[in-house]
Amino acid sequence: MLFPFFMKTITLSLIWLLVISLLACQPVSTKTEASSTEAPNIVIIYLDDLGYGDVSAYDATEIHTPNIDALAAGGVRFTQGYASSATCTPSRYALLTGVYPWRNKRARILPGTAPLIIDTAQITLPKMLKKKGYHTGLVGKWHLGLGDGIINWNQTVSPGPNEVGFDYAYYMAATQDRVPTVYLEDGKVVNLDPNDPIEIDYQQNFPGEPTGRDNPELLTMKWEHGHDQSIVNGISRIGFMKGGDAAKWSDVDMADHFLEKAQAYVKVHKEGPFFLYYAMQQPHVPRTPHPRFVGKSGMGPRGDVIVEADWCVGEFMKTLEAEGILENTLVIFTSDNGPVLNDGYYDDAVEKIGDHTPSGPLRGGKYSLFEAGTRMPFISYWKGKISPTESDALLCQIDLLASLAELVGEPIDGTDSQELLDVLMGTSEKGRDELVLEATTRTAFRQGDWVMIPPYPGPSIYRNVNIESGNDSTFQLYHLKEDIAQQHNLAAAHPEKLAEMVRAFEVLRGSRD
Ligand code: NG6
Ligand code: CA
């Protein structure tokens, strides 16, 4: 009798052991499955001031961007993909938080000394992904503020990208034309010599320091408007800076530098899943192509840095391929706001533009409420998962938070972000019905194929940059499908449609102070 009992115990124990080991194996097998299908690496390649018509995949004929074109040809090429805003800071705020920037009064073009404008308690794209085990990285332009008041650049600068969800961050604080002209890595200025501390002031110069206004003889690139303050590498910037000589970046090497950092990040984290926000600086001013790209576009520095940026995209994609993770990486390519030629320096952008139209068929440009301010080249690419297609669906960068949350199985709510994963994957054209567009704190409203711009006082053309602002003393109403260039104001012809849109806009937008 003992034997069968013994056998029974052994059999039971074996069964339990099997169950336990199966259970123990469960997470491993889910993880394997997740990392091959459900949890791809995610990369957002974000350009700065690249226009809808600036790449050949969006019908540019005078400039060639074969690497960006390859993404468009192999992925979803969106024709109605929007940045939330026609300037940098608000668009980046919306991209990372899923919240309309006009809800945050501080989400406007920031000086290099501005405090962080993302609340550290707020949900962000990298924070959401971290919950699902992602490693998260930023390489490139930040421009969302740092610190919480007065910054000491000689100590760890915090809060910043690391406090809003980035495990690793290598970045410039604001823009290439603003001080401090140094890189930071996880809050610390790179290559800072403690005996040469950095001081920054946006109000007044430091005694004895040359400026673009007083020392034009020191300049290699002349300023046209603004940009007449501290001189770094022969280029005068916005803001005053003293010290930190060893830490100052080399403008012509910036593209290579960020590319190397982005590639290094991928190599270290290739086991994944990782999220990389690769925020390139081109073609924002000052446009400083590396010498090997000088003259490549025939359009002067602006065209040359677009060619350079395209090359960077190609090199970055080669790295994904070489590391064997191309088929497990979703790449989203887009830009933060529309194009501008003269943004404050004499760099031949206007003179050498020739037949190129940076805004493509669209009206306006950077800073504008017209389409070219916010409608962007917008591509999603995932080798083997996304079938090449073109999509006219309406979507906005603000929707990436909810859509990527859906992708990784971490649904979120309570933001302005709409879940449009199928649109992003190219399997549905059912995009947004409505979208509020922003340009320098003014807002317009898109509904279906219509866009309504409320009356705004102020000049209809921003003279310095020579771009139509979108302002008018009366309502504007355009049917974009029939009139992509916004030439026919239909407000008077369609009073019911106008009234309907104004009502819907007011509900969504609330008070516009
Ligand atoms: C403007 C700058 C412009 C650019 C812009 C920010 C002047 C006259 N103009 O104030 O050159 O730096 O800010 O661009 O200073 S953005 O893409 O980061 O929004
Ligand atoms: Ca920009």
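Residues numbered from 1 in each chain as written. Chains lettered and ligands numbered in written order. Predicted model: local features only at pLDDT ≥ 70, side-chain atom pairs only at ≥ 80, totals over all residues. Heavy atoms only, no water.

Q: Would you mind going over the overall build of the chain with me for this structure?
A: Of regular secondary structure, the chain possesses nine helices and 21 strands. Against the 2.2 N^0.38 benchmark of 24 Å for 513 residues, the chain shows a C-alpha radius of gyration of 25 Å, consistent with a compact globule. The buried share of the chain, reckoned over its 513 residues, is 58%. Residue pairs at least 24 apart in sequence account for 72% of intrachain contacts in the chain once pairs closer than 6 positions are excluded. Of the accessible surface of the chain, which amounts to about 20,700 Å², a share of 54% is contributed by carbon and sulfur atoms. (Helix = DSSP H or I, 4+ residues; strand = E, 2+ residues; numbered from the N terminus. Rg over C-alpha atoms; globule rule 2.2 N^0.38 Å. Buried < 20%, exposed > 50% of the residue type's maximum accessible area, 1.4 Å probe, protein only. Contact = heavy atoms within 4.5 Å. Areas by Shrake-Rupley, 256 points an atom, 1.4 Å probe, with all protein chains shown as cover.)

Q: Where do I start with the pairing of strand β16 (residues 434-439) in this structure?
A: Put simply, side chains in a regular strand alternate between the two faces of the sheet. In terms of burial, β16 is a largely internal element, five of the six residues being buried. The sheet contact formed by β16 and strand β17 (residues 442-447) spans six bridges and is antiparallel. Paired with Ala 439 across the strands is Arg 442, a residue of β17. The turn joining β16 and β17, which pair antiparallel and follow one another in sequence, is formed by two residues; a positive phi near 40° is taken by Thr 440. (Pairing = 2+ DSSP bridges.)

Q: How should I be thinking about the site of ligand 1 in this particular structure?
A: In the vicinity of ligand 1 lie 20 residues, with Cys 88, Asp 177, Arg 178, Asp 343 and Lys 366 positioned nearest. Here an oxygen atom of ligand 1 sits 3.0 Å away from a polar atom, N or O, in the side chain of His 227. Contacts to ligand 1 include Asn 337, whose side-chain N or O atom sits 3.5 Å from an oxygen atom. Notes on ligand 1: free accessible area 450 Å², of which the protein chains cover 85%. Across the shell around ligand 1, the residue classes tally to five nonpolar, eight polar and seven charged. (Near = heavy atom within 4 Å. Polar contact = N/O pair within 3.5 Å; in protein donor to acceptor, adjacent residues only side chain to side chain. Nonpolar A, V, L, I, M, F, W, Y, C, P; charged D, E, K, R; others polar.)

Q: What is the right way to read the sheet that holds β17 from this model?
A: What links the strands of a sheet is backbone hydrogen bonding, and the strands pair in either a parallel or an antiparallel sense. Read across the open sheet, the four strands follow the order β16-β17-β18-β21; overall the sheet is antiparallel. Only two strands of the sheet have a single neighbouring strand rather than two, namely β16 and β21 (476-479). Direction aside, the axes of adjacent strands within the sheet are offset by 20° on average. Pairing geometry for strand β18 (residues 450-453) and β21, over four bridges, is antiparallel. Bridging from a neighbouring strand, Val 451 pairs with Tyr 478 of β21. Strand contacts of helix α9 (residues 495-509): β16, β17, β18 and β21, with the helix running at about 120° to β17, the strand carrying the most contacts. (Axes fitted to C-alpha atoms, helices over the stretch in contact; angles between N-to-C directions.)

Q: Explain helix α6 (residues 301-322) here, please?
A: Think of an α-helix as turning once every 3.6 residues; residues three or four places apart then point the same way. Here α6 contains 22 residues, and its C-alpha end-to-end distance of 31 Å stays within 8% of the 32 Å for a straight helix at 1.5 Å per residue. Here α6 lies mainly inside the structure; 17 of its 22 residues are buried. Of the residues trailing α6, Gly 324 is marked for its positive phi of about 75°. (Expected span 1.5 Å × (residues − 1).)

Q: It is not clear to me how the packing of aromatic side chains should be interpreted in this structure. Could you clarify?
A: Aromatic ring pairs are reported here in terms of the distance separating the ring centres and the angle at which the planes meet. All told, the structure shown has 17 aromatic pairs when counted by the stated rule. With 5.6 Å between their ring centres and 35° between their planes, Tyr 170 and Tyr 183 make a pair best called tilted. Of this pair, Tyr 170 sits in strand β4 (residues 168-172) while Tyr 183 is found in strand β5 (residues 183-185), placing the two residues 13 residues apart along the sequence. Tyr 183 shares its class with Tyr 170; the two are buried. Between Tyr 278 and Phe 316 the ring centres are 5.4 Å apart and the planes differ by 45°, which places this aromatic pair in the tilted class. Here Tyr 278, found in strand β11 (residues 274-279), pairs with Phe 316, found in helix α6; they are 38 residues apart in sequence, far enough to count as distant. Looking at Tyr 278, the relative accessible area reads 0%, which means it is buried. (Phe/Tyr/Trp six-rings, centres within 6.5 Å; stacked < 30°, edge-to-face > 60°.)

Q: Just checking my understanding: could you explain the coordination of the calcium ion (ligand 2) for this structure?
A: By definition of the ideal shapes, four donors in a tetrahedron about a metal sit 109.5 degrees apart, and six donors in an octahedron sit 90 or 180 degrees apart. For the calcium ion (ligand 2), the full set of protein donor atoms is Asp 48 (OD), Asp 49 (OD), Asp 336 (OD), Asp 336 (OD) and Asn 337 (OD1), at a range of 2.2 to 2.8 Å. Classification of the site at the calcium ion (ligand 2) as irregular follows from its six donor atoms and the range of 50 to 172° in their angles at the metal. Written as a sequence motif, the donor arrangement for the calcium ion (ligand 2) is D-D-x286-D-N. With Asp 49 in the loop between β1 (41-47) and α2 (66-74) and Asn 337 in the loop between β12 (329-335) and β13 (375-381), the pair connects residues that are 288 residues apart, well separated along the chain. (Donors = N, O, S within 2.8 Å, 3.2 Å for Na, K, Ca; no water. Tetrahedral: all angles 85-135°; square planar, octahedral: opposite > 155°, others 65-115°.)

Q: What's the story with the domain arrangement of the chain in this structure? I'm lost.
A: Interfaces are often sized by the amount of accessible area the parts lose when they come together. Each assigned domain of the chain is listed here: domain 1 (40-195 + 243-430), domain 2 (199-239) and domain 3 (437-509). In this structure, domain 1 and domain 3 have C-alpha centres spaced 27 Å apart. Counting residues at the interface gives 32 residues for domain 1, matched by 27 residues for domain 3. Per-residue buried area on domain 1 facing domain 3 is highest for Trp 102, Arg 363 and Leu 369; these three make up 33% of the total on that side. With its nearest N and O atoms 2.8 Å apart, the salt bridge here joins Arg 363 to Glu 468. Summed over the shared surface of domain 1 and domain 3, the result is eleven residue pairs in polar contact (both at pLDDT 80 or more). (Domains from an automatic or database assignment. Buried area = accessible area lost by both parts, 1.4 Å probe. Salt bridge = Lys/Arg side-chain N within 4 Å of Asp/Glu carboxyl O.)

Q: I tried to follow the nonpolar core on my own but got confused; where do I start?
A: The biggest cluster of nonpolar side chains holds 111 residues, and the ones touching the most others in it are Ile 45, Trp 142, Leu 276, Tyr 277, Tyr 278, Phe 316 and Leu 404. Discounting residues that sit within four places of it in the chain, Tyr 278 has contacts with Ile 44, Ile 45, Tyr 46, Val 139, Phe 258, Leu 259, Ala 262, Cys 312 and Phe 316. Counting residues in hydrophobic clusters, the runner-up holds 29 residues, among them Ile 398, Ile 453, Tyr 456 and Met 501. (Core = buried A, V, L, I, M, F, W, Y, C linked by side-chain atoms within 4.5 Å.)

Q: Any chance you could explain the pattern of salt bridges here in plain terms?
A: It is possible for side chains of opposite charge to pair when their charged atoms get near one another. Tallied over the entire structure, the rule returns 25 salt bridges. Between Arg 92 and Asp 48 there is a salt bridge, with its nearest N and O atoms 3.8 Å apart. Of the two residues, Arg 92 is situated in helix α3 (residues 88-97) and Asp 48 in the loop between β1 and α2; the sequence distance between them amounts to 44 residues. Judged by its relative accessible area of 0%, Arg 92 is buried. Look at Asp 48 and you get buried, because its relative accessible area is 1%. Residue Asp 256 pairs with Arg 292 through a salt bridge whose shortest N-O separation is 2.8 Å. With Asp 256 in helix α5 (residues 254-269) and Arg 292 in the loop between β11 and α6, this residue pair connects regions lying 36 residues apart in the sequence. Overall, Arg 292 belongs to the partly exposed group, its relative accessible area being 34%. Residues joined in a network through salt bridges with shared partners are Asp 48, Arg 92, Lys 141 and Asp 336.

Q: Which parts of the structure should I look at to understand the confidence of the model for the chain?
A: For any part of a model where pLDDT is low, the fine detail of the predicted coordinates should not be relied upon. Summary statistics for the chain give a mean pLDDT of 93 and a share of 92% for residues scoring 70 or more. A low-confidence stretch, residues 1-37 (pLDDT under 50), is modelled with seven contacts involving residues beyond four sequence positions or located in other chains. (pLDDT = per-residue confidence, 0-100.)

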